[in-house]
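Single-letter residue listing:
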Amino acid sequence: MTDRQNTIGRLYGVGLGPGDPSLVTVRAAELIGKADVVAYHSARHGRSIARSIAESYLTDGQIEEKLVYPLTVESTDHPGGYRGALDEFYEEAAARLAAHLDAGRDVVVLAEGDPLFYGSYQHMHKRLAHRYPTEVVPGVTSVSAAAARLGQPLTEAEETLTVIPGTLPEEELTARIASADSAVIMKLGRTFPAVRRALERAGRLDDAQYVERAFMDGERIAPLAEVDGESVPYFSVAVLPSKVAPLEPAVRLADGVGSVTVVGTGPAGPLWLTPEARGALAEATDLVGYTTYLDRVPERPGQRRHGSDNKVESERAEFALDLARRGHRVCVVSSGDPGVFAMATAVLEVACEPDYRDVPVRIVPGMTAAHAAASRAGAPLGHDYAVVSLSDRLKPWDVVAKRLRAAAEADLVLALYNPGSKSRTTQVGLARDLLLEHRVPETPVVMARDVGGPTERIRTVRLGELDPALVDMRTILLIGSSQTQAVERSGGVEVVWTPRRYPEA
């Protein structure tokens, strides 16, 4: 390769920044001026934004290679469709540049912004960089340019920045936006109506800023909610800046009544959060919840946290609703799904009292403990099942026993929540003995403890061998029906599953 390197040219992917020629880096300007060949992409009208940015750095005698796209967004009769037509174009363009490189000419490929950030250059890079000496010169991205023009930080402290192409399906856009701390949405133009709807559905429209042609002629900046979708070009972005205010806590109270959102965080940490839950938690001025569950939520500057004991659900709900009446956006944090033996009912019980009926309340679902445990064991909930809490703190044991007996007689799989605690040590044994009146001792029982947590343990035992001493408040029990199977697969792994088809009588 050494001898060949002495005779072939070098390929340069050169970033030009967002549009102002004065934002071209010194290295980029130097390479543009020295290049034997300067290549740039354009639409069929022949005008190239990249060339116009670099024009003052071009020199006499350079060969210019105009790489004209065969199409942009229109349809095509190419046998490979839109993607096939572009792939063919990229192959032909790469071959043209390779001919110059083989002849010993250095080739600069111009790229608006940064060459490897949604840039056209990357298609040349993938086809040529492994064959020729190559250097990529970074440029100021449209993301950085938009933030600079807005004069607002994109991220601060532990915030993360999400870059989202507006060409995603609207549902996916909504999910990505809802879960983002701060975000930049690219490729607007025709996608603008869907992006606007996604921002509104995610509750982020009022935060969104619009930047058009940053550092170019015709630059425009406005709140995105005020922008007419008919006037939006491709060279524009939507920005959700940092939520951390520059000089004061990021707690902005609503005018008049605020709101309460009850959020399910799933059985453990951040991996179990849905995008909707992430968005609700990020938007809140106040978090209210059992301290152990609050500790699972990342802290945000300026966001107030109100932790309490696990046995004061009604008081916690009333406190959250009082905050909302004073204009706070409150998230009540619940583990698992908030509507399954959790905080949604406690909040709604208080919210339906006359003093709180005007406070908006929303429930955001989460992964349930039963579903999380089932996924670890196999598919024990693959057919009809019942969910029962063994706690007799809010209902008498006679009611619990009656429901267990009815579910057992119906041959339902059972998911048993709250099986035991330091003060409740008899319920598991009583439930086991009751169920053995209807199930064979070999019935599979999944014992799932701390699912998703650092001490997770999943065991499968038989109903006749179920030891109450091994069950605590962090354990959920999944007890099979007469049809549930426990099968050892390769590697000694036992999976538990309930057939989808139930035998006819």
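Structure's up top.
Residues numbered from 1 in each chain as written. Predicted model: local features only at pLDDT ≥ 70, side-chain atom pairs only at ≥ 80, totals over all residues. Heavy atoms only, no water.

**Student:** Please provide a residue-by-residue account of the environment of Pro444, values included.
**Tutor:** If you trace the backbone, Pro444 turns up in strand β19 (residues 444-449). Overall, the relative accessible area of 6% leaves Pro444 in the buried class. Sequence-wise, Pro444 and Thr460 are 16 residues apart; in three dimensions their C-alpha atoms are separated by 6.5 Å. The residues touching Pro444, leaving out its near neighbours within four places in the chain, are Thr460, Val461, Arg462, Leu478, Ile479, Gly480, Thr484, Gln485, Ala486 and Val496. (Helix = DSSP H or I, 4+ residues; strand = E, 2+ residues; numbered from the N terminus. Buried < 20%, exposed > 50% of the residue type's maximum accessible area, 1.4 Å probe, protein only. Contact = heavy atoms within 4.5 Å.)

**Student:** Kindly report on unusual backbone geometry, identifying the contributing residues and their values.
**Tutor:** At Arg213, a residue that is not glycine, the phi angle is positive and equals roughly 50 degrees. Within the fold, Arg213 resides in the loop between β8 (209-212) and β9 (220-223). Arg213 sits in the partly exposed class, given a relative accessible area of 31%. Unlike most non-glycine residues, Phe215 shows phi in positive territory, near 65 degrees. Positionally, Phe215 belongs in the loop between β8 and β9.

**Student:** Give a description of the state of the cysteines that names residues and reports values.
**Tutor:** What we call a disulfide is simply a covalent bond connecting the sulfur atoms of a pair of cysteines. Under the counting rule described, the total for this entry stands at zero disulfides. Take Cys331: it sits in no disulfide, and the sulfur closest to it among the cysteines is that of Cys352, at 19 Å. (Disulfide = S-S within 2.5 Å.)

**Student:** An account of the packing of helix α7 (residues 170-179) against helix α8 (residues 192-201) is requested, with residue identities and associated values reported.
**Tutor:** Packing of α7 against α8 brings their axes to within 8 Å, and their N-to-C directions diverge by 45 degrees. Put simply, α7 runs oblique to α8. Between α7 and α8 lies a crossing whose hand is right-handed. Contacts between α7 and α8 involve Glu170, Glu171, Leu173, Thr174 and Ile177 on the former and, on the latter, Ala194, Val195, Arg197, Ala198, Leu199 and Arg201. For the contact of α7 with α8, the residue count by class is six nonpolar, one polar and four charged. (Axes fitted to C-alpha atoms, helices over the stretch in contact; angles between N-to-C directions. Parallel < 35°, antiparallel > 145°, perpendicular 65-115°, else oblique. Left-handed = near helix turned anticlockwise from the far one by under 90°. Nonpolar A, V, L, I, M, F, W, Y, C, P; charged D, E, K, R; others polar.)

**Student:** Go over a nonpolar patch on the surface, please, and point to the residues and values.
**Tutor:** The grouping of Ile49, Tyr234 and Phe235 at the surface amounts to a nonpolar patch, some 270 Å² of accessible area in total. Relative to the elements of secondary structure, Phe235 occurs in the loop between β9 and β10 (236-240). By relative accessible area, which is 33% here, Phe235 ends up partly exposed. (Patch = residues over 30% accessible without salt bridge, like charges linked within 9 Å, V, L, I, M, F, W, Y side chains within 5 Å. Areas by Shrake-Rupley, 256 points an atom, 1.4 Å probe, with all protein chains shown as cover. Salt bridge = Lys/Arg side-chain N within 4 Å of Asp/Glu carboxyl O.)

**Student:** I'd like a description of helix α6 (residues 142-150), backed by residues and values.
**Tutor:** Of all the residues in α6, the buried ones are Val143, Ala145, Ala146, Ala147 and Leu150. Where the residues of α6 are buried, they touch β6 (161-165), β7 (182-186), β8, β9 and β10. Of the residues one or two after α6, Gly151 is the one with positive phi, at around 70 degrees.

**Student:** An account of a negative patch on the surface is needed here, citing residue identities and associated values.
**Tutor:** Taken together, the side chains of Glu315, Glu318, Glu349, Glu353 and Asp355 present a region of like negative charge at the surface. You can see Glu315 is positioned in helix α11 (residues 313-325). (Lys, Arg positive; Asp, Glu negative; His and termini not counted. Charge placed at Lys NZ, Arg CZ, Asp CG, Glu CD.)

**Student:** Give me the lowdown on the packing of aromatic side chains, citing residues and values where you can.
**Tutor:** Scanning the entire structure with this criterion turns up eight aromatic pairs. Geometrically, the ring pair formed by Phe192 and Tyr210 is edge-to-face, given 6.2 Å between the ring centres and 85 degrees between the ring planes. With Phe192 in helix α8 and Tyr210 in strand β8, the pair connects residues that are 18 residues apart, well separated along the chain. Neither Phe192 nor Tyr210 differs from the other in exposure class; each is buried. Chaining the aromatic ring pairs together yields one cluster made of Tyr69, Phe89 and Tyr90. In this structure, Arg149 is placed above the aromatic ring of Phe215, and the distance from its NZ or CZ to the ring centre is 3.8 Å. (Phe/Tyr/Trp six-rings, centres within 6.5 Å; stacked < 30°, edge-to-face > 60°. Lys NZ or Arg CZ within 6 Å of the ring centre and 35° of its normal.)

**Student:** If you had to explain the side chain of Thr498 to someone new, which residues and values would you point to?
**Tutor:** Mapped onto the elements, Thr498 comes out in the segment after β23 (494-497). Polar side-chain contacts of Thr498 include one of 2.7 Å to the backbone oxygen of Pro380. Polar contacts involving the side chain of Thr498 include one to the side chain of Thr484, which spans 2.9 Å. For Thr498, the contacting residues outside a window of four places in its chain are Ala379, Pro380, Gly382, His383, Val413, Ser481 and Thr484. (Polar contact = N/O pair within 3.5 Å; in protein donor to acceptor, adjacent residues only side chain to side chain.)

**Student:** Describe the sheet that holds strand β14 (residues 329-334), and please don't skip the residues or the numbers.
**Tutor:** In spatial order, the strands read β13-β12-β14-β11-β15; together these five strands make up an open sheet with parallel pairing. The strands lining the two open edges of the sheet, one partner per strand, are β13 (304-308) and β15 (361-364). Between one strand axis and the next, the sheet turns by 20 degrees as a mean value, whatever way the strands run. Packed on one face of the sheet, α11 meets β11 (259-264), β12 (286-290), β13, β14 and β15 and runs near 175 degrees to β12. (Pairing = 2+ DSSP bridges.)

**Student:** How would you explain the pattern of salt bridges if you had to name every residue and give the values?
**Tutor:** In total, this model carries 28 salt bridges according to the counting rule given. Linking Arg96 and Glu65 is a salt bridge whose minimum nitrogen-to-oxygen distance equals 2.4 Å. Of this pair, Arg96 sits in helix α4 (residues 81-102) while Glu65 sits in strand β3 (residues 63-68), and the two are 31 residues apart along the sequence. Under the relative-accessibility criterion, Arg96 is labelled partly exposed at 35%. What makes Glu65 buried here is its relative accessible area of 13%. One network of salt bridges, with partners in common, ties together Arg27, Glu30, Lys34 and Glu135.

**Student:** I'd like a description of the packing of α7 against helix α9 (residues 275-283), backed by residues and values.
**Tutor:** The interhelical angle for the contact between α7 and α9, taken along N-to-C directions, is 40 degrees, at an axis separation of 7 Å. In this view, α7 runs oblique relative to α9, as classed from their interaxial angle. As α7 runs across α9, the sense of the crossing is left-handed. Counting all contacts with α7, which are made through Ala175, Ala178 and Ser179, the residues of α9 involved are Pro275, Glu276, Arg278 and Gly279. Residues of the contact of α7 with α9, tallied by class, amount to three nonpolar, two polar and two charged.

**Student:** Got a sec to walk through the sheet that holds strand β20 (residues 457-462)? Specific residues and values, please.
**Tutor:** The strands making up a sheet associate through hydrogen bonds between their backbones, and the pairing can be parallel or antiparallel. In space, the five strands of this open sheet follow the order β17-β18-β21-β19-β20, with mixed pairing throughout. Each of the sheet's edge strands pairs with one partner strand only, and the pair in question is β17 (385-389) and β20. Looking at each pair of strands side by side, their axes are set apart by 20 degrees on average, direction ignored. As defined by bridge partners, β19 adjoins strand β21 (residues 475-479) across five bridges and the pair is classed as antiparallel. Within β21, the residue paired with Val445 across the bridge is Ile479. Running over the sheet, helix α14 (residues 397-409) touches β17 and β18 (413-417) and is turned about 165 degrees from β17.

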